[in-house]
Amino acid sequence: MNQKRCIIFGAIASVLLIILLWFGFTVPVRLSVKQVTDTVYAGDKLSTKDFIVKTRTLFGIGHHYDRYSIVADDGNFYVNISVDNLQTRKRVNNVVKATELIATYDGSAYVGQPADINKVTLTAKYEDGTAKNVENKWIYPEPVSNSKDKYKLNVDSPIGNAYADVDIVKPDSMNASYGTRAVIGDKFKQSRVVVKLHYPDNTEYQIHDFVISDSKTDSSGVDISYRDVKKSAKSLSYPSYFSKDVTLFAISPYGAVSFEIHPEEMDAIVGHYADTVYVGDKLDKNKVSVTMTKDGKKNEQI
């Protein structure tokens, strides 16, 4: 019996040993990273040509990888490298630091429109006297404000930020309209208001940063400011439903403009209840539909 148990335990041990050897020699458990580029400039775009990456098994067996994911961190002072489900973070050697960043903008930017990142150049000057363009840069997609002089555009990068002085094209007019047909009894929807800026070069641009009010001034007679409305989250007065002709104001950071809405009258209003009703029943408002008709055709459902 003891001999039989020994054979069984020996077989189990042999299987476990084979599994351990297989795992130790073939299954990668970590990454080995070696930098091959002597000097790296902060903010430069790193690639797979800058490093040798190998996977290592439990017993140290290495396998070379040409394809791996690399993400620079802290302006190239560190890189995050991953192969399949393995990841590692390595400090980059011999990084040349940037001493100055200079941002420029090619051409002009339109007030009310986001600046174009493709027109931005960010140049880094380094401590060894070298100057290079920083490709990894970004700007925030906010509309260019109506500045008195040049607009200061903030350009960010992993190694810092700089401001570009940008010439601006100011709008010479603004108009607003209700983008769809208005019907008496229909609900007013601010999302249907279309506001456009017009520029001296005969171009136009639809904006979305505006509020609607039935008056250009507040109760004190002071012009309503878009910034103050947004800052205080105050509610403005405008009609909930169309009952007659109405004049409204679109108020934006670029000015205010009035527009008129002339809702049409319908020939008839037809109500329908989508169920059979018995005396004493409680009506369900979700089963009620009201349709306005014009010229014998269903037009709007309210």
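Note: the structure precedes this text.
Just so it is clear, the model here is predicted, and its values are computed rather than measured.

When a protein is soluble and globular, its nonpolar side chains tend to lie buried together. Counting 55 residues, the largest nonpolar core has Leu153 and Ile261 as its most contacted members. If you look at the next biggest cluster of nonpolar residues, it comprises 6 residues, including Ile224, Tyr226, Val229 and Phe249.

Read from one edge to the other, the open sheet built from 3 strands follows the order β18-β19-β20, with strand pairing classed as antiparallel. Because the sheet does not close on itself, it has two edges, and the strands there are β18 (211–213) and β20 (255–261). Between one strand and the next, the sheet's axes are offset by a mean angle of 30°, whatever the strand orientation. The pairing of β18 with strand β19 (residues 246–252) spans 3 bridges and is classified as antiparallel. The residue of β19 that forms the bridge with Ile212 is Ala250.

Further remarks concern unusual backbone geometry. At Asn94, a residue that is not glycine, the phi angle is positive and equals roughly 55°. Tracing the chain through its elements places Asn94 in the loop between β7 (86–91) and β8 (95–96). On the accessibility criterion, Asn94 (54% relative accessible area) is exposed. Its identity is not glycine, yet Asn202 carries a phi of approximately 70°, on the positive side. As for its placement among the helices and strands, Asn202 is situated in the loop between β16 (193–198) and β17 (204–207). Asn202 gets classed as exposed once you look at its relative accessible area, which sits at 74%.

As paired strands, strand β6 (residues 78–83) and β7 are joined by 6 bridges and run antiparallel to one another. Of the residues in β7, the one forming a bridge with Val79 is Lys90. Hairpin connection of β6 to β7: 2 residues between the antiparallel strands, including Asp84 at a positive phi of 55°.

The sheet built from 3 strands is open, its strands ordered β10-β14-β13 with mixed pairing. Both outer strands of the open sheet, β10 (108–110) and β13 (151–157), are each paired with one neighbouring strand and no more. Across the sheet, the mean angle from the axis of one strand to that of its neighbour is 55°, orientation sign disregarded. Bridge analysis of β13 against strand β14 (residues 160–169) gives 7 bridges, and the strand direction is antiparallel. Residue pairing in the sheet places Asp156 in a bridge with Asn161 of β14.

About the thresholds
- Residues numbered from 1 in each chain as written.
- Predicted model: local features only at pLDDT ≥ 70, side-chain atom pairs only at ≥ 80, totals over all residues.
- Heavy atoms only, no water.
- Core = buried A, V, L, I, M, F, W, Y, C linked by side-chain atoms within 4.5 Å.
- Buried < 20%, exposed > 50% of the residue type's maximum accessible area, 1.4 Å probe, protein only.
- Pairing = 2+ DSSP bridges.
- Helix = DSSP H or I, 4+ residues; strand = E, 2+ residues; numbered from the N terminus.
- Axes fitted to C-alpha atoms, helices over the stretch in contact; angles between N-to-C directions.

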